Amino acid sequence: MRAPLQYPALVATHAGLWRADSEGNAGAVSRAEAVRRLTDTPHLLLNAPQVAARLGLAEVSGLDLLELFAFVHPARFLVPSAGGLAAFLGLEAPANQSAEPAFLQQAAAALIDTASRPEWPALAGSRESLDRLNRKGWLWSRLLDEEMASENSGPRRQAPSLFEALPEWADVPPRAAPRITVLQPAQVTATLTQLAGNRREPRDGQKAFAQEIAHAFQPRDSRDGPNLVVAEAGTGIGKTLGYLAPAALYAQETGGSVWLSTYTRALQRQLKAETARSLPHLVQAGKIVVRKGRENYLCLLNLEDALQGAFAGRPAIFADLAARWARFSEDGDMVGGDLPGWLAGLFRRSGALPALTDRRGECIHAACPHYRRCFIEKSQRQGQQASLVIANHALVMANAVRARAEGQGLSRLVFDEGHHLHAAADGAFSIALTGGEAIELRRWLLGPDRPGRRSGRRRGLAARLLDVTSYDGEGGTALEELLDAARLLPSADWLSRIAAGEPEGPIEALAAAIRAHVLTKATDEERGFSLETEIAALPPGLPEAVDTAAAALARMAKAALTLRQRLLALAEERPEWLDQPGIARLGAAAEGLQLRLDLLGAWQRLLARVTAEPEEDFVDWFALVRTEGRELDCGIHRHWLDPLKPLAGAVLAPAHGVAVTSATLGNPPEAAAGSSYLHVAPHIFRVKSPFDYARQARIFIATDVQRQDSASLAHAYHELIAAAGGGTLGLFTAIARLRAVHARLADRMARAGLPLFAQHVDAVDTGTLVDLFRADPHATLFGTDALRDGVDVPGDSLRLIVFEGVPWSRPTILNAARRAALGGSAYEDIQVKHRLAQAFGRLIRSADDRGAFVLLGASVPSRLLAAFPPEVPVARIPLATAADRIREFLSGDCEAENAPLGVGGPHGDRPA
């Protein structure tokens, strides 16, 4: 084994700071000494932003082993910890944190040794990449260069450049319509048994679930709507295999395709892994494809711009590491794919990752030199030929309308995590006219706001249509009219101008008038957070600002329509000065203009509503968006009163078969699917979880915790986490309380050997935080909504959930309108019970799990306890007693299981 790398190493945790010198001599150091040493000499680090946060610095410079790992093992998964590195490299994990600096020296040597071997799997393109990184001052480049050029490294073949190495996609004939086939019950059961293999025998509940879901894949009963199945299946039923069986059978028997839609990236990853285990032949044949929105994928044209100088400093280094990854990536997915989730976090201040993806519809499609190798285009074509497409709710909703317009309807759909359909539709079908939205339109039309800034392909419409302006007078005139109208949109620093009362242009003037109105009328001034007001009692000047803005948008829409029609006419005429790439550019520009025309039309309708009567299907309001006192945006927002209505019309009604499933759809379950807006009756199916909740789980309501007092709240979390010995998921309804509790506990818990990770605090993405939490059974993870139902941690790593309070909805204008229209307090109770049920569902994920769920606060209404399985014992008891009970229950103490539960008992605290 290679000797440890002779560079000093530093580890910074909440429990203390440890440093090893270049000879491997390690010891504790003070913060002042650590900062001084880092300033003097580059140190080996593991996650430099986290080290900086522990030291109270904005950033630190050093030799980050995670960056080295990303170069040596691109597109490979790693839990970004010393234990994760040890497991990946086959090294002995450090016995304690004081041993970690010496371990970093050993791990660095092992990674460099891999890069020196002729059989290095990631050899291709390494020399080209390292040369660029060396020119950009990457600290690892010299050490790697010495090893890769050594006698032991073997001959280096000249690899093709990245843009030559990526495979091209090929066009295929249109897909034939699926055959009409009736799936027999015996076929469904046989397929389910085959998918399960020798892992486990399908249970009765799973078989019944699969048979019911199969109705969504039978020939459609009525042309008025789909075969709709709404299935609530408790945790542990095996929903995934239960719907994969009829879906795979349908694809096999009919030649059709099925879209499997989820809400969270975590479930997309799980679905992908499950299909790899259960349907390897389809995976190998490329018949199972993961699809996401365009903004998730690497844009090769943006990457090329970045590599050629559009990025500088740390963003430039990230671009080169992203290029290393792209060569080995399965699908180019930068968000939740095989790009390590922690990599962008190492460059979090640069904003480099979003700049490498396709944002805001900037794609120039066939006019791009990398079009035939584009990850996005390849994914779309694979999806058109796939048997199973693993997607997300937002993409399905966007594609359903677009695909119908193109004659490729999504005829068979399975919505897992169906309880999120309302939230997904709420985002997909909403509209906002704000300064931030308007400036994005300006940038697409005119290019970057600040001349001289490197902007890659964000050059504006004129630069993309130079041939039109040079050779076609009519097209040039139309383009100039549109660009002149676009100059009325907000430009850089618009927020500063409206705050100073000096807006420029009609849209900025409208935003300024709205801002003044919101600041005057809003009643919630809490700590500088966002403010909103109803669209009513308009002050003098605001209606006039609306009319002026509407006129500007109408002028812009007219010019955009004229230009689009001219571009389509030119593409049809094919004048001699227009070559094939030019025709492609015109087509891409025309498509982009149509998207902007749709947006302008929606904005015009929204402005017309401001000075008219409200529309019964919509909720409209003014908002000033702020975070921690900093203003981010301002404008008008519109949401559907019930977003399931447009979902039913645009997505469900045109389909032939739809299955909506979740462990917690609510009562009645069909309400979560928008079935009341369809002309067909849904098939309803419910099956309970097979878990023995009475034996496996306990629920405690700690009655003596003051959740508004951060000291009391922190004390409660400490006592409960200590009782469980870690393995705790702490859920919060407010980020401020999460941060306050974390600040009081982090050092104390770390010194007790109970690591604490936290959303909104740690410089790590949520997915990586879950990986770190899952890997350490003594760890605790704090989070908010994203962790309430986005975590799957079976086993001992999650044995306690502590919810900081009842998760009531925020009293927004939108929520108030929905409460008034959809059931009042009963509607709110439904929302809260959904949240509690989803949180509890994280706790017991297998038959061997054992865990406790704690709600803090004396005033938890008994009616909300219907969110939990009825057989789970519930006790309202003081905090100290709850901690004792948790300690005894998790230790398996039989006497504790039979001890009196206090007020409520197993069933006495349930609502009638």
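To be clear, the structure that these remarks concern was listed above.
Described below are features of the structure shown in this document. Keep in mind it's a predicted model, so treat the numbers as computed, not measured.

Conventions adopted
Residues numbered from 1 in each chain as written. Predicted model: local features only at pLDDT ≥ 70, side-chain atom pairs only at ≥ 80, totals over all residues. Heavy atoms only, no water. Pairing = 2+ DSSP bridges. Helix = DSSP H or I, 4+ residues; strand = E, 2+ residues; numbered from the N terminus. Axes fitted to C-alpha atoms, helices over the stretch in contact; angles between N-to-C directions. Contact = heavy atoms within 4.5 Å. Core = buried A, V, L, I, M, F, W, Y, C linked by side-chain atoms within 4.5 Å. Buried < 20%, exposed > 50% of the residue type's maximum accessible area, 1.4 Å probe, protein only. Parallel < 35°, antiparallel > 145°, perpendicular 65-115°, else oblique. Left-handed = near helix turned anticlockwise from the far one by under 90°. Nonpolar A, V, L, I, M, F, W, Y, C, P; charged D, E, K, R; others polar.

Turning our eyes to something else, we now look at the sheet that holds strand β11 (residues 431–434). Hydrogen bonding along the main chain pairs the strands of a sheet, whether they run parallel or antiparallel. What the four strands build is an open sheet, ordered β11-β14-β13-β12; its pairing is antiparallel. Taken across any chain shown, the strands that pair with only one partner, and hence form the sheet edges, are β11 and β12 (531–534). When strand polarity is set aside, the average angle formed by the axes of neighbouring strands in this sheet is 25°. Here β11 runs beside strand β14 (residues 630–640); their pairing, made up of four bridges, is antiparallel. If you follow A432 over to β14, its bridge partner there is H637. Strands β11, β13 (618–627) and β14 of the sheet are contacted by helix α27 (residues 580–610), whose axis makes an angle of about 80° with β11.

Soluble globular proteins tend to pack their nonpolar side chains together in the buried interior. In terms of nonpolar packing, the biggest core is built from 70 residues, with F71, W140, L144 and F318 touching the most fellow members. Per-element tally for this core: the top contributor is helix α15 (residues 314–328), with nine residues. Beyond its immediate stretch of four places on either side in the chain, L144 contacts L68, F71, I112, A115, L130 and W138. Counting residues in hydrophobic clusters, the runner-up holds 50 residues, among them L441, A557, L624 and C634.

This next bit is on the sheet that holds strand β6 (residues 227–233). Spatial ordering of the open sheet is given by β8-β9-β7-β10-β15-β6-β16, a layout of seven strands whose pairing is parallel. Of all the strands in the sheet, the pair left with one neighbour each is β8 (288–290) and β16 (683–687). Here the strands of the sheet are splayed against their neighbours by 15° on average, with no regard to which way each runs. By the bridge criterion, six bridges tie β6 to strand β15 (residues 657–662) in an arrangement that is parallel.

Their axes nearest at 9 Å, the elements helix α30 (residues 710–724) and helix α31 (residues 735–751) cross at an angle of 50°. One element, α30, and the other, α31, form an angle in the oblique class. You can see that α30 and α31 cross each other, and the crossing is right-handed. The segment α30 lies against α31, with S710, A711, L713, A714, Y717, H718 and I721 engaging R737, A740, V741, R744, L745, R748 and M749. Classifying every residue of the contact of α30 with α31 by side-chain character gives nine nonpolar, two polar and three charged.

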